[in-house]
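Given next are the chains, with one letter for each unit.
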Amino acid sequence: MTATASAQTDARDLFTELTGAVPAGSWSAPGRVNLIGEHTDYNDGFVFPFAIDARTVAAVGVRDDRRIRVISTFDPVPVEVALADLDGLFPAHRDEIVEWARYPLGVAWALQDAARAAGRDPRSLGGVDIALASAVPVGAGLSSSAAIEGATATALNDVWGLELSPVALARAGRRAENDAVGAPTGIMDQMASMLGRADAGIFLDCRSLEAEVVDLGFTRAGLEVLVVDTRVSHAHSTGGYGERRAACERGARIMGVPALRDLTPADLDRARELMDDVTFRRVRHVVTEDQRVLDAVRLLRAEGPRSIGGLLDASHASMRDNFEISTPELDLAVDTARTAGAVGARMTGGGFGGAAIALVDHARVAEVAAAVEAAFAAAGFGAPHVFTVHPSDGAHRDR
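Residues numbered from 1 in each chain as written. Predicted model: local features only at pLDDT ≥ 70, side-chain atom pairs only at ≥ 80, totals over all residues. Heavy atoms only, no water.

**Student:** Explain the overall build of the protein chain to me, and be specific about the residues and the numbers.
**Tutor:** Scanning the protein chain from N- to C-terminus turns up 13 helices and twelve strands. For 399 residues, the compact-globule estimate of 2.2 N^0.38 gives 21 Å, and the C-alpha radius of gyration of the protein chain, at 21 Å, lies within 12% of that figure. When each of the 399 residues of the protein chain is scored for burial, the buried share is 59%. For the protein chain, the share of sequence-separated contacts (at least 6 apart) that also reach a separation of at least 24 residues comes to 73%. Of the roughly 14,800 Å² of accessible surface on the protein chain, 50% is carried by carbon and sulfur atoms. (Helix = DSSP H or I, 4+ residues; strand = E, 2+ residues; numbered from the N terminus. Rg over C-alpha atoms; globule rule 2.2 N^0.38 Å. Buried < 20%, exposed > 50% of the residue type's maximum accessible area, 1.4 Å probe, protein only. Contact = heavy atoms within 4.5 Å. Areas by Shrake-Rupley, 256 points an atom, 1.4 Å probe, with all protein chains shown as cover.)

**Student:** So what's going on with the environment of Leu89? Which residues, and what values?
**Tutor:** Positionally, Leu89 belongs in helix α2 (residues 86-89). Classification of Leu89 by relative accessible area gives buried; the value is 11%. Linking Leu89 and Arg102, residues 13 residues apart in sequence, is a C-alpha distance of 9.8 Å. Non-local contacts of Leu89, meaning those with residues more than four positions away in its chain, are made with Val81, Arg94, Glu96 and Ile97.

**Student:** Would you mind going over the nonpolar core in detail, with residue names and values included?
**Tutor:** In this structure, Ile68, Leu86, Leu105, Leu111, Ile130 and Trp160 are the most contacted members of the largest nonpolar core, which totals 51 residues. Looking at this core element by element, the count peaks at ten residues for helix α3 (residues 99-117). Setting aside chain neighbours within four positions, we find Leu111 in contact with Ala153, Leu156, Trp160, Leu162, Leu164, Leu169 and Ala172. (Core = buried A, V, L, I, M, F, W, Y, C linked by side-chain atoms within 4.5 Å.)

**Student:** Now, about unusual backbone geometry: what can you tell me, with residues and values included?
**Tutor:** Following Phe90, the chain continues to Pro91 via a peptide bond in cis, the omega torsion being -5 degrees. Along the chain, Pro91 falls in the loop between α2 and α3. Look at Leu209: it is not a glycine, yet its phi comes out positive at around 65 degrees. In this fold, Leu209 is placed in the loop between β6 (200-205) and β7 (211-215). A positive phi angle is found at Phe352, which is not glycine, with a value near 60 degrees. Take Phe352: it is sitting in the loop between β9 (344-348) and β10 (355-361).

So far we have only geometry, and geometry alone does not tell us how the molecule works.
Structure (structure tokens):
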């Protein structure tokens, strides 16, 4: 049984334990790997993620009142709130709700607002019970949060008959993460989780939300994406992420542009003259990372996936030196994978922990994984979790 199949069983069993009944259905959404384009999303820039074959499952049933109750395998204590009270909870009193529950409850809150904006009375939306189980590693930079949001949003969209588009559901997920949870993230994770396709990436313009499915060709090229979860946990709602975002906004103000997306590498000489060193390096990362995303899409189309290794390496160097969000464990994972023969490697996700990815020949996966594990042991680090992921489909109803 795969980890996702196990999560499907766990979610349904947990629902039955909670309610004594079987769920009306189960819905799931994937985590994501960001192939390239880190911290560009909230700067209106370009990103290139793909959905992975590890999913969060929401088993859902309707209630005969207007209450929402959520439970998860993360925490067996259910959280129950009246739907009418969600407006009073978020964002002003979000700290009254345990953090994991803010994700699904925040999605319900955001979808009530979306229904209201579409002319539907939120009082027509019935109560629900939701049981969540996940195969997406938490804290690994693979967006377990967006998987929760996507599974919940897709389920409620169906149960409530909202008929919202995948992009609208992604927006609801981002609003939940920003305002209900308090993490100042962009929309990349939610869009990847909603729009993913097998063996393809999502080339996303985070300003227009125009998304294009781009063939990755990893299978044809005999390549695998190896994930090294360092098991160094991170949290987007803590200070480091917010400080980086503030620096980017400061840099855009100094340059007189709406967002760093509006700069090109040719603007960096002028930026260096106008900014302090730290702000400049944050800006340099975002501007050059946007260009790397564009170059990666162009090279994939023209030359195939083996041509992008150097861009992955350069992306990691910029996150390490310019954005300063890497860790010794991430650096060791990346350096060791490259030395052991990876086509390219980089940390992925928000940083300050989490995971690295390496693009590796299928025949060398075990060799590269063993090299990374040995390097961690030699350095005295805790053992990493090393596994492969495959580009997969986005959120949908399972049964």
